[in-house]
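A structural walkthrough
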Amino acid sequence: MATTSSPMHLSLETNHKTQPIAIQTPTSGSSLTPPVTPIGKENDPKNTLPDLLIGANPAETSALVKRNNCTPLRFTDELEVCSDAEERPIEFGRGAWSIVYKARSRPNATVAIAINTPPSSPTATTRVYAMKSPVRRDARPVLQAEALTLTRLNLIPGYERYVVPFHGYHTPTESLVMSAVPLALSTYIEDQADLMRKRGPSTATMFDPVQGSEPWKNLALKLISGLEWLHKTAGIIHGDIKPHNLLLRPMSPDDELSASIDAFPYEPLFADFSSALDISPENGRDGNQSSMSAFTPPFTAPELLSLASLKSGDVDPTPASDVFSLAATLVAAATGDLLLYPGSSNMQRLAMARDGQRILEFTRCGSNGSRVPRNGFVEKLIQPAISKDPAQRIDISEWVTLASV
Ligand SMILES: Nc1ncnc2c1ncn2[C@@H]1O[C@H](COP(=O)(O)OP(=O)(O)OP(=O)(O)O)[C@@H](O)[C@H]1O
Ligand SMILES: [Mg+2]
């Protein structure tokens, strides 16, 4: 058995030497390939997870962008990537599609705005942004579609509490420009786990989530409320919820809750809408999903990973699959094990993810299993959200009620 000071991140070797696994599926020449997804702490392979990319039809996505009523917000100021002392570009993170750079804006004197596109308000001063740039040719249409989703989301009242602020699509660099929120939940989870390891084992806290019971409950309530807003108010399925795609904005000192020692001290914001699906009544079922999606197996609902789904290409995320992914994210937050099933190989991990309804059982076999005790509050909140049958999973509004208790 591994000790808490030496967790066994055996399964997903995701450093740059890892050979991608490719599983052929019958969808338009698609392959199921986990590319490197280094996220969070820079160059930290243990903080990485591979994604499965399914299907690639850029033309389809471009058409989708054009036919959607909404045109993406444009970012018209000049952008400059910030560099470190060695003149290397500063990165906030990376994903399957992109590198997210730290960038600085310079007001553009000769603003050229595309016809029919609402311009972002030109700024008089220099500002720091996160600039999400494509790393693969087929990422361009994915990012364009994400720009549309973010444009739509940023118009819906309440977005500022739940979604990363979007400043527009920067045409010259084909990049998304967002507010910089440099802490991902994945990094926070790892930091909390490190802290626990440094403190050493303690019988007083070994049955609690790594960050403590009340902060975990508060984080859960915030995330579940955010997902309810996303599904019910915005009509968007995220499609790739995992700790790496949630950013943490420090709470403002004015906020009453931030004064409470039991509160989770950040506002978690949903980011990375590259796999999102629009289910709003006005747009119907539309989104990036029709052409390409990225999955991260341990956080992906089992029904999307079944051989039958992969063979048929019927891998559209649903509100219920988002609920599963958020539940898995909360399990990772409780145990501090970002890879969820430490001590397994790639294929074992995929097999376990396909049996995701047993996630708590699997987790209890790990070195931090004591943090999700039987009949404890973590289990009570997670169990209804991970049923094998998606139709049996808790409704998001009922989940908010359960998390509010
Ligand atoms: N607004 C932001 N501010 C700071 N860092 C960010 C921001 N957006 C993203 N990041 C960092 O960059 C990483 C990659 O971004 P993102 O997840 O959007 O890319 P992706 O290529 O779509 O990833 P995925 O592999 O999940 O599909 C994030 O995990 C996060 O660490
Ligand atoms: Mg991501």
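All figures in this text were calculated on a predicted structure; none of them were measured in a lab.

With that settled, consider the coordination of the magnesium ion (ligand 2). Taken together, the protein ligands of the magnesium ion (ligand 2) are Asn-245 (OD1) and Asp-272 (OD), with distances of 2.0 to 2.2 Å. Of this pair, Asn-245 sits in the loop between strand S10 (236-237) and strand S11 (246-250) while Asp-272 sits in the loop between strand S12 (266-270) and strand S13 (277-278), and the two are 27 residues apart along the sequence.

A separate point is the pairing of strand S9 (residues 175-179). Summarising burial for S9: five of the five residues are buried, a large majority. Relative to S9, strand S7 (residues 128-134) runs antiparallel, the two being bridged by four bridges. Residue pairing in the sheet places Tyr-129 in a bridge with Ser-179 of S9. Pairing of strand S8 (residues 166-170) with S9 involves four bridges; the strand directions are antiparallel. Within S9, the residue paired with His-170 across the bridge is Ser-175. A loop of four residues connects S8 with S9, the two strands running antiparallel in sequence, and Glu-174 in this loop sits at a positive phi of about 55 degrees.

This brings us to the packing of aromatic side chains. One pair of aromatic rings is described through two measures. These are the centre distance and the angle between the planes. Applying the stated rule across the entire model yields seven aromatic pairs. Ring geometry for Tyr-162 against Trp-229: centres 5.5 Å apart, planes inclined by 35 degrees, an arrangement best described as tilted. One end of the pair, Tyr-162, is in helix H3 (residues 159-162); the other, Trp-229, is in helix H5 (residues 213-233), with 67 residues separating them in the sequence. On the accessibility criterion, Trp-229 (7% relative accessible area) is buried. Their ring planes at 85 degrees and their centres at 5.5 Å tell us that Tyr-341 and Phe-362 sit as a pair that is edge-to-face. Of this pair, Tyr-341 sits in the loop between helix H8 (319-335) and helix H9 (346-354) while Phe-362 sits in helix H10 (residues 359-364), and the two are 21 residues apart along the sequence. Classification of Phe-362 by relative accessible area gives buried; the value is 16%. These aromatic residues form a ring-pair network of at least three members: Tyr-188, Phe-264 and Tyr-266. Positioned over the ring face of Phe-377 is Lys-217, at 4.5 Å from the centre of the ring.

The next point concerns helix H4 (residues 185-199). End to end, H4 covers 21 Å across 15 residues, agreeing with the expected 21 Å (1.5 Å per residue, within 8%). Here H4 has its buried residues at Leu-185, Ser-186, Thr-187, Tyr-188, Ile-189, Glu-190, Gln-192, Ala-193 and Met-196. Buried residues along H4 sit against H5, S11, S12 and H8. Gly-200 sits one or two positions beyond H4 and adopts a positive phi of about 85 degrees.

The next subject is the environment of Phe-295. Relative to the helices and strands, Phe-295 is located in strand S15 (residues 293-295). For the pair Phe-295 and Ser-275, spaced 20 residues apart in the sequence, the C-alpha separation amounts to 8.3 Å.

Attention now moves to the nonpolar core. As a rule of thumb, soluble globular proteins bury nonpolar side chains together. Within the largest apolar cluster, 74 residues are counted, with the highest numbers of intra-cluster contacts made by Trp-216, Ile-224, Leu-230, Phe-273, Leu-330, Ile-382 and Trp-399. At ten residues, H8 tops the list of elements feeding residues into this core. The two domains that each donate at least three residues to this core are domain 1 (72-179) and domain 2 (185-404). In this view, Trp-216 contacts Pro-209, Gln-211, Leu-330, Ala-333, Ala-334, Phe-377, Val-378, Leu-381 and Ile-382; residues no more than four positions away in its chain are not counted. Core analysis: the next-biggest nonpolar cluster, separate from the first, contains six residues, Phe-75, Leu-79, Ala-103 and Met-131 among them.

As for its placement among the helices and strands, Arg-393 is situated in the loop between helix H11 (377-382) and helix H12 (396-404). Here Arg-393 falls in the buried class, since its relative accessible area comes to 6%. Within the structure, Arg-393 has its side chain in polar contact with the side chain of Glu-303 (distance 2.7 Å). Of the polar contacts made by the side chain of Arg-393, one reaches the backbone oxygen of Lys-388; its length is 3.4 Å. Apart from the residues lying within four places of it in its own chain, the contact partners of Arg-393 are Ala-301, Pro-302, Glu-303, Ala-320, Ser-321, Phe-324, Pro-384, Ala-385, Ile-386, Ser-387 and Lys-388.

Reading guide: rules and limits
Residues numbered from 1 in each chain as written. Chains lettered and ligands numbered in written order. Predicted model: local features only at pLDDT ≥ 70, side-chain atom pairs only at ≥ 80, totals over all residues. Heavy atoms only, no water. Donors = N, O, S within 2.8 Å, 3.2 Å for Na, K, Ca; no water. Helix = DSSP H or I, 4+ residues; strand = E, 2+ residues; numbered from the N terminus. Buried < 20%, exposed > 50% of the residue type's maximum accessible area, 1.4 Å probe, protein only. Pairing = 2+ DSSP bridges. Phe/Tyr/Trp six-rings, centres within 6.5 Å; stacked < 30°, edge-to-face > 60°. Lys NZ or Arg CZ within 6 Å of the ring centre and 35° of its normal. Expected span 1.5 Å × (residues − 1). Contact = heavy atoms within 4.5 Å. Core = buried A, V, L, I, M, F, W, Y, C linked by side-chain atoms within 4.5 Å. Domains from an automatic or database assignment. Polar contact = N/O pair within 3.5 Å; in protein donor to acceptor, adjacent residues only side chain to side chain.

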